[in-house]
Amino acid sequence: MKLYRPLPLIPTGGVHVLELIAKSPLASLLPISCGSVSLSEDVVGCISLIASKKGQEAQLSGVLKAAHGMALPATNRVTGRAGARCVWFGQQYLLMGPEPDPSLNSVARLTDVSDGYAVVLAQGSEIEHVLARLVPVDVSRAVYKRGQTARTLIQHINGSLSRVSETAFQIIVFRSMALTLIHDIERAMQSVAARDRL
Amino acid sequence: MRLLCPNCGERDLREFYYQSTAEALIRPDLDAEDAVWDDYLHNRDNPAGKTEDLWYHEAGCNAWIVISRNTVSHDVLDAQLAARKRLSNEGKK
Amino acid sequence: MRLDQDSLVDQNFPIKFQFDGMSMTGFAGDTLASALLANDVRLVGRSFKYHRPRGIMSAGSEEANALVTVGSGPQQEPNIRATQLEIYEGLEVFSQNRWPSLKWDLLALNDLAAPFLNVGFYYKTFMWPKSFWEKIYEPVIRKAAGLGSLSGQANSERYEKAFAFCDLLVIGGGPTGLMSTLQAGRAGMSVILADEDNRFGGRLNSEKTQIGGVDADQWVNTIVRELSDMPNVRLMTRTAITGAYDQGTFGALERVSKHLSSPNKHLPVECFWRIFAKRSVLASGALERFIAFPNNDRPGIMTASALRTYINRYSVSPGRSVAIFANNDGAEQTARDLQAAGVQIAAYVDVRADARINGDFPIYRGASVCDTSGRLGLEGITVRHAGQEINIAADCLAVSGGWNPTVHLSCHMNGRPYWSESLLSFLPAENAIPGMVYAGAVNGHMSTRACLQSGVVNARSIMKDLGKSAAALKIPDAEDYAYGIGAIWSVSPSGKQRSWLDFQNDVTVKDIVQSVAENYRSVEHMKRYTTQGMAPDQGKNSNVAALAVLADATGKGIPETGTTTFRPPFSPVSIAAMGSEGQDKGFAPERFGSTHQAILERGAPMIEAGLWYRPSYFPRPNEKTWRQSCDREVMMVREHVGVCDVSTLGKIDIKGPDAGHLLDLVYTNKFSSLAVGKVRYGLMLREDGHVLDDGTTARLNHEHFLMTTTTVADSLVMRHLHYVHQCLHPEWDVSFASVTEHWTQFAIAGPKARDLLNGLLDQSIDNEKWPFMSCGQLNIMGISGRLFRISFSGELGFELAVPSRYGDSLFRILSARVEELGGCCYGMEALNVLRVEKGFITHAEIDGRVTAFDLGMQSMVNRTKDCIGKAASQRRGLNDVDRPRLVGLKPVGSVKQLTAGAHLFTLQDPAERIYNQGHITSVAYSPWFGYFYGLAFLKNGSERFGEQIKMVDHVRDIEAICEVVPPVAFDPDGGRARA
Ligand SMILES: [Zn+2]
């Protein structure tokens, strides 16, 4: 059994000697790779949930375009690119990357959820075979093209799955389930890699 | 079984949560008679044929959906967003 | 006996394996069945009920006799069909259902006792006394009758599930399926071709025939090569389509590594696929059926098509002197193949007087096999011909009773196959599976050419449906014989011999006749009474013959008799494959908070709370039991200060002009009137008037509320909020965001809570600016956080939230600081004691059956507004004073322990169900009071304070006298929380 060890605390009149240190949910878990597929943390910056005010969807798209350079995505779509992306997220949208411009407040309600999610980039030539073991949605290139997103299950976890390139997907799940997510994907990666050697 | 979500398209049953028949959308007034509340809360038909159910796309877009399907053939006949159906019903009143 | 001829086994590549401990050699390409026959092993198992000696009777997944156990230890797998098991170096196989050995099976005495073990024997004999069934009859029967067994140990081998999608699923890779796939593949459709065999070709792998002027296997190879080059075609061998389900969903079991000697450890044993297909072609072919003649179950008797498979595909002759018994033209090929292989034909027996068969061997037309001999294997047959019975020596008998189209999948959604008088078989009903068409032998096309044609025609009809096109495939030349068949189902015995129908369940012709005599005349009743068709082979070998016998016995025709229902799976599916996603911890996600690592470092054991892991208690070096740690943590909170991670409680941001309206409808009490910067406790009901959840909701801004839920109800409440918004009030402008995980939140509770915070916050707080139930934003060490003055312990309490990336760091700082103040971190055990002392409820109390009235919270149901569940909550039955209502209990007798789950009785009543007065939901040992304290639901409890009551725990055998007290034991005025 480990003993608890008190930290040295020296209060010095208003000056912070202590500092809160940021820690990512994926820091100790990624990157990993197996066969042709690799997983890495997608360090996206700010993540904001955008809920359109009632009847303001069209205006919201314009404001978003002016502020961040991408239109509001259609259902099941992603707009923008790495660094500034907007993902359809079911009832709302996820703005990933920039800190949201205050102009958005006139047409939308914003909620900072930067620390609520684990964001993983899964890429490799056989990524579709890996996902076929986890996701009950057809993610083959012919029907699930770049810019396509789905909210679905990744094994047992509710998540968001977007194709961001020919061979790469962005996977978003709640932060607390990062370990299970990585475990489940890694198992599928191992299985696909083992089949290659058959 | 696969169900239709108006937002996400056809999806595996495992993504959905079942609530009740779509009669749940027509909530009685607070002062409605007990018999009306009884029917709303507890009394259900068990049709062999077409039924309208309320499902929640829990592992998907979080939409509540009215799905009509045939309990005999298992055909999924139609799917509408509950919110839209409700609003259009209000409009008709 | 191995034949010296070319075939699909590679005789240059020997493989060693063991059968019942005996070393044997086969070749690459052999199944266990072909290798055993090559080693002249004919006896491979004992039958289910009578322990009759049994041998190999088929060459495919329909095998009913040759079931074996593979491997030992946790991996041991029973009931593997020897006819499908591909041998590999080091394979270890054991026969089943025999004791002590295959040749000397003592339980074969059952066979001598057969007159007593008749149909319905179990039902009739083991009726009484009732108590004998579980302890004596069932274990004995299970030992005597049964197939292989599992090891009983957990198996760590990997199984897998996967999803696949296609325009067209082609089921069966014989000539029909290959043509369908090629046609659709050339049209650019995405096609999956699945076959349970380890190579495509179907019957072509077993027949000596030519297609398009080349040997059939060469033709198959050419087609398969073209298909493998098509990116839009997925070829799946060793994959059985096991079930057809709604909306084009199919189950499929792929044997991934079962044929490998030492597979990679990451390779799954099997993969269970869910295939979603817009259209499907059923090209499952047909299975040859037996004829029920006396003693037709001896090792050495097999279907004629199986015999051809062993000769042509595996270069094995199952016998040295082979007899043939047939009723149709298809079996003639068997004689020709035997002759080509140089095997002696002992007799050709055809039931038809006009059978067209010629050859240089004894031919008996209008004849039948009416008995057989040989104890552990066939030695001779008796032929009934022209009024005489002739004994003929033979060590193998090939039987063909005609062909049953493999219609099973077409029946999985209630389709009823129809009877074809010309084929004497059932054919699949039209449109029985949405999107499925039938091609080839399954639809009654019995020649190879007809199959090729049917494959193309059906693929083209689907292409037309889906708007795809490609040039029509030319149909190559191929065998095109006209199939003729004469009816025969059973041969009557001359004595008391039995004729077997269902080999797997040991059901005879006599059993069916007796079933009818006892008035089990409907096919469904007959099946259940005799168990015919209920075994792993699901009646593949026996259904049609059995119901023909039934039809004869009842005097009804076969079409009127009908079939029983074929249900999934087509062939057995291991539970491990179907449940692969639930193996070990894979059952559900695990949720870990941002402080998880830091908590583990402090030595705290974790307990599950829903999917979350939370610390149970934080042991200190001198503490030996959890209770010592828990008691110390409780006292430190009450006397100093404690820190607890409460992030797992659900947090939902509710924003918009209608947020207040929504909360007023969702909660029983009013929230639209809550001032900004204030927090209120709220109670949520289901529409049926029972409590759904509870928690506090803070108003952070005019149009911004933050709701908290209990840990387990997070997603449930989110679903409920969406329901109320989308289904009841879509006109409201309101939005929800789950921020449970964005914020890591700590409860800081105890008289020194404020002191602890004031050392860390960027601006200090006092009771005036931060009174009880206030909230707001403030900075901690330069980071923007939120502070709520709420208490779940009854002490001066705060909850401090920071973005989760800082959770780990803040926990380490708080836990160090709290100790300097004489306090500690506390876990779930202490948290529970603190809240029980305060009478605060959790889901132990609000278990779905409880109303606001039961909790004494009826006054929280606001009179001036509607809310979800209000109408129902006002009903008389939910306000009956005799309902179990929340009380506190403390022990006052000699027994001091209380237990959760125990039931309550008056002192004078016996502790029996009908006198039940209620039950205990939560208990805690209170170090503050020095006794156990419990929360309970007691009939009319709120009117019974001061009364003594008896607590009885029937499980742990504890009985204690308690006094009924109000639920809030600690600081009932709430002064400490307001201090
Ligand atoms: Zn959806």
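Please refer to the structure higher up on the page.
Predicted model only: the values in this text are computed from it and were never measured. (Residues numbered from 1 in each chain as written. Chains lettered and ligands numbered in written order. Predicted model: local features only at pLDDT ≥ 70, side-chain atom pairs only at ≥ 80, totals over all residues. Heavy atoms only, no water.)

1. What to know about the overall build of chain C
In step 1: Helix and strand counts for chain C stand at 23 helices and 49 strands.
In step 2: When the 979 residues of chain C are sorted by exposure, 63% land in the buried category.
In step 3: In chain C, 66% of the contacts between residues at least 6 apart in sequence involve partners at least 24 apart.
In step 4: Here chain C has roughly 36,700 Å² of accessible surface; of this, 52% comes from carbon and sulfur atoms.
In step 5: When the 100 positive and 105 negative side-chain charges of chain C are each reduced to one mean point, those points stand 2 Å apart. (Helix = DSSP H or I, 4+ residues; strand = E, 2+ residues; numbered from the N terminus. Buried < 20%, exposed > 50% of the residue type's maximum accessible area, 1.4 Å probe, protein only. Contact = heavy atoms within 4.5 Å. Areas by Shrake-Rupley, 256 points an atom, 1.4 Å probe, with all protein chains shown as cover. Lys, Arg positive; Asp, Glu negative; His and termini not counted. Charge placed at Lys NZ, Arg CZ, Asp CG, Glu CD.)

2. Focus: the pairing of strand 38 (residues 735-738) of chain C
Residue and element names in this part refer to chain C.
In step 1: Neither face of strand 38 is open: one carries S735 and A737, the other F736 and S738, and all of them are buried.
In step 2: As defined by bridge partners, strand 34 (residues 650-655) adjoins strand 38 across four bridges and the pair is classed as antiparallel. Bridge assignment links I654 to a residue of strand 38, and that residue is F736. (Pairing = 2+ DSSP bridges.)

3. Some words on the sheet that holds strand 36 (residues 691-701) of chain C
Residue and element names in this part refer to chain C.
In step 1: Within the open sheet, the five strands sit side by side as 35-36-37-34-38. Their pairing is antiparallel. Every interior strand has two partners, whereas the edge strands, strand 35 (679-685) and strand 38, have only one. Averaged over all neighbouring strand pairs, the angle between strand axes comes to 30°, with direction disregarded.
In step 2: In the sheet, strand 35 pairs with strand 36 via seven bridges, with the strands oriented antiparallel. If you follow L683 over to strand 36, its bridge partner there is D694. (Axes fitted to C-alpha atoms, helices over the stretch in contact; angles between N-to-C directions.)

4. Side note on the coordination of the zinc ion
All names here are of chain B.
In step 1: Looking at the metal site, the zinc ion is ligated by C5 (SG), C8 (SG), H57 (ND1) and C61 (SG), spaced 2.0 to 2.4 Å from it.
In step 2: One can describe the site at the zinc ion as tetrahedral: its four donor atoms subtend angles covering 103 to 119° at the metal.
In step 3: Sequence spacing of the donor residues for the zinc ion, all on one chain, is C-x2-C-x48-H-x3-C. Linking C5 in strand 1 (residues 2-5) with C61 in the loop between strand 4 (50-56) and strand 5 (64-70), this pair joins segments that are 56 residues apart in sequence. For the pair C5 and C61, one class covers both residues: buried. (Donors = N, O, S within 2.8 Å, 3.2 Å for Na, K, Ca; no water. Tetrahedral: all angles 85-135°; square planar, octahedral: opposite > 155°, others 65-115°.)

5. A few points about the interface of chain C and chain A
In step 1: At the junction of the two partners, chain C supplies 71 residues and chain A supplies 51 residues.
In step 2: Approximately 5,300 Å² of surface area, both sides summed, lies buried where chain C meets chain A, with 57% of it carried by carbon and sulfur atoms.
In step 3: It is E741(C), H742(C) and R805(C) in chain C that bury the most area against chain A; as a group they hold 12% of the surface buried on that side.
In step 4: For the pair chain C and chain A, the interface holds six salt bridges.
In step 5: Here R133(A) makes a salt bridge to E160(C), at a shortest N to O gap of 3.1 Å.
In step 6: At the boundary of chain C and chain A, one finds 32 residue pairs in polar contact (both at pLDDT 80 or more).
In step 7: Taken together, the elements giving at least two residues each to the side of chain C that touches chain A come down to strand 8 (160-171), strand 15 (270-282), helix 15 (596-601), strand 34, helix 18 (714-728), strand 38 and helix 20 (807-820) of chain C. (Buried area = accessible area lost by both parts, 1.4 Å probe. Salt bridge = Lys/Arg side-chain N within 4 Å of Asp/Glu carboxyl O. Polar contact = N/O pair within 3.5 Å; in protein donor to acceptor, adjacent residues only side chain to side chain.)

6. Here's the deal with the side chain of Q504(C)
In step 1: Considering the arrangement of structural elements, one finds Q504(C) in the loop between strand 29 (500-502) and strand 30 (507-508).
In step 2: Judged by relative accessible area, which is 3%, Q504(C) ranks as buried.

7. Quick notes on the sheet that holds strand 39 (residues 743-749) of chain C
Sheet strands pair via backbone hydrogen bonds, and the direction of the pair is either parallel or antiparallel.
All names here are of chain C.
In step 1: Taken in spatial order, the six strands make up an open sheet running 40-41-42-39-33-43, and their pairing is mixed. Each having just a single partner strand, strand 40 (775-780) and strand 43 (824-825) make up the two edges of the open sheet.
In step 2: Examined bridge by bridge, strand 33 (residues 642-645) and strand 39 share four bridges and lie antiparallel to one another. Pairing of V643 across the sheet is with I748, part of strand 39.
In step 3: Contacts from helix 20 reach strand 33, strand 39, strand 40, strand 42 (797-803) and strand 43, with the element oriented near 10° to strand 39.

Geometry only, nothing functional implied.
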